[in-house]
Amino acid sequence: MGFKKTSFFVLVLLFQFPALLTALSAGDNPVPADKQVVLETSIGTIALELYPEAAPLFVEGFRKAVKEGTYRGTIFHRPVAMALIQGGDPYTSDPGRRSEYGSGGLMRLEVEKNDIPHKRGSAAIVSIPNEPKSAGSQFFICVTDQPQLDGNFAVFGQVVEGIAVVERLSMLPVDPNGVVIDRVEIENAYERDPPPPVKLPFEGFSPVEMAEYEAVVKTTLGDFVIRLFPEDAPENARQFLRFAQLGFYDGTLFHRVVPGFVIQGGAIFTRSEPVDREYADLLTPVKGEFSERKHVRGTVSLARGDDPDSGLDSFFITLDTQESLDGNFTIFGEVVSGIDTVDGISQAPVMGEKPISDILIEKIIVRRIE
């Protein structure tokens, strides 16, 4: 079996199926194994939880190979930028066998398939189309959702730590054959007990408890302080506090200024650097929570699209009473100090509604109210 037969199979499937192909059902949530597998590379660590019920043959062989040191010294030989990385070929431990990369470790196991979707961080089994016994030690990890692969390969695990490392690996330069140029080796591979779940900021806090906190918004034009209304909008307040505590707002812009109306900022897409993909699952809209509060000067509300439940990150501050907004947007706070900074932002020169010069949210500090 030559290099050309095996090395492009994932790449071909990645692009040959229509983008709007109907995905299979997600099925039940897969049950993770009692152990996770850690792959330590020279640029960082990747940890996987495994799904033995979804792909029993491969998971058994994968864990055995990890214990025997099969993956040590190998590389992720085929990266596809921001799509996937492919590794697990024992031939890649030998730089002298470069022309064979992609053909090693296959034709050993029966091909398994399942209906687990290929989402960001999914780890799936490499196999050759129409070859019923072509699986082995090779696998690939999705950097972004790849629904066109659903039903064609078996997902056997999920990245639970190190998705940023996976992303970096996918961006490594390749030669004309699509093989990575720079060697980033798996220096060690081992099993570990699953770590205890990380508790997210403000998880489980009651509205009364959240009301004990305020947010200091530090901008390039000065600071202002926001007090929250968690009694009226508990989940919107929680999302704002959580994003602020995790640093999601740091480096975002006030991207919209309408004098006499509003200033708007905090959209995560305006960050100078993207949020670590470890937190991508948190970037989901929050349900609208509408109250009898009025949009008066200094009111802080969550921006949204046409869907009343589409608010996510960006917030706006009213510069004067705006009755037309009442009952249509979720008010979750008010500016209690530094309104002169808000006025300064509203007076910035604009082109249309976009400030000509960047007005940066340098940091939002969450602190207890004194």
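Quick note: structure is the one above.
Report on the accompanying structure. (Residues numbered from 1 in each chain as written. Predicted model: local features only at pLDDT ≥ 70, side-chain atom pairs only at ≥ 80, totals over all residues. Heavy atoms only, no water.)

1. Focus on the packing of aromatic side chains
Part 1 of the reasoning: For the structure shown, the criterion picks out 22 aromatic pairs.
Part 2 of the reasoning: Ring centres of F58 and F156 lie 4.5 Å apart, and the angle between their planes is 55 degrees; this geometry places the pair in the tilted category. Taken together, the positions of F58 in helix α3 (residues 56–68) and F156 in strand β7 (residues 155–161) put the pair 98 residues apart, joining distant regions of the chain.
Part 3 of the reasoning: Ring centres of F240 and Y249 lie 5.5 Å apart, and the angle between their planes is 40 degrees; this geometry places the pair in the tilted category.
Part 4 of the reasoning: Classification of F240 by relative accessible area gives buried; the value is 2%.
Part 5 of the reasoning: Overall, Y249 belongs to the buried group, its relative accessible area being 1%.
Part 6 of the reasoning: Here the aromatic cluster, defined as three or more aromatic residues joined through ring pairs, consists of F224, F240, F243, F248, Y249, F254, Y279, F315 and F332. (Phe/Tyr/Trp six-rings, centres within 6.5 Å; stacked < 30°, edge-to-face > 60°. Helix = DSSP H or I, 4+ residues; strand = E, 2+ residues; numbered from the N terminus. Buried < 20%, exposed > 50% of the residue type's maximum accessible area, 1.4 Å probe, protein only.)

2. Concerning the pattern of salt bridges
Part 1 of the reasoning: Per the counting criterion, the structure on display carries 19 salt bridges.
Part 2 of the reasoning: Its salt-bridge partner being R227, residue E214 comes within 2.6 Å of it at the nearest N-O pair. Residue E214 is found in strand β9 (residues 213–219), and its partner R227 is found in strand β10 (residues 222–228); the two are separated by 13 residues along the sequence.
Part 3 of the reasoning: By relative accessible area, which is 32% here, R227 ends up partly exposed.
Part 4 of the reasoning: Here the salt bridges do not stand alone but share partners, grouping D34, R63 and E191 into one network. (Salt bridge = Lys/Arg side-chain N within 4 Å of Asp/Glu carboxyl O.)

3. A closer look at the environment of Q264
Part 1 of the reasoning: Looking at the secondary structure, you find Q264 in strand β12 (residues 262–265).
Part 2 of the reasoning: For the pair Q264 and L302, spaced 38 residues apart in the sequence, the C-alpha separation amounts to 9.4 Å.
Part 3 of the reasoning: When near neighbours in sequence (up to four residues on either side) are disregarded, Q264 contacts L253, F254, H255, R256, A303, S314, F315 and F316.
Part 4 of the reasoning: A distance of 3.0 Å separates a polar atom in the side chain of Q264 from a polar atom in the side chain of S314. (Contact = heavy atoms within 4.5 Å. Polar contact = N/O pair within 3.5 Å; in protein donor to acceptor, adjacent residues only side chain to side chain.)

4. Things to note about the pairing of strand β15 (residues 330–337)
For a regular strand, the rule is simple: side chains alternate between the two faces of the sheet.
Part 1 of the reasoning: Sheet topology note: the β10/β15 ladder contains four bridges and is antiparallel. In the sheet register, R227 faces β15, and the bridge partner there is E334.
Part 2 of the reasoning: Examined bridge by bridge, strand β13 (residues 299–302) and β15 share four bridges and lie antiparallel to one another. From the neighbouring strand, S301 faces β15, where its bridge partner is I331. (Pairing = 2+ DSSP bridges.)

5. Some words on the sheet that holds β9
Part 1 of the reasoning: One closed barrel holds the eight strands; their spatial order is β9-β10-β15-β13-β14-β12-β11-β18, and the pairing between them is antiparallel. In this sheet, neighbouring strand axes are inclined to one another by 35 degrees on average, regardless of whether the strands run parallel or antiparallel.
Part 2 of the reasoning: Relative to β10, β9 is paired through six bridges, and the arrangement is antiparallel. The residue bridging K218 from the neighbouring strand is D223, located in β10.
Part 3 of the reasoning: Contacts from helix α6 (residues 234–246) reach β9, β10, β13, β14 (315–318), β15 and β18 (360–368) within the one sheet, and its direction differs from that of β18 by about 110 degrees. (Axes fitted to C-alpha atoms, helices over the stretch in contact; angles between N-to-C directions.)

6. Considering the environment of I141
Part 1 of the reasoning: Inspection of the secondary structure assignment puts I141 in strand β6 (residues 139–142).
Part 2 of the reasoning: Sequence spacing of I141 and V275 is 134 residues, and the spatial spacing of their C-alpha atoms is 20 Å.

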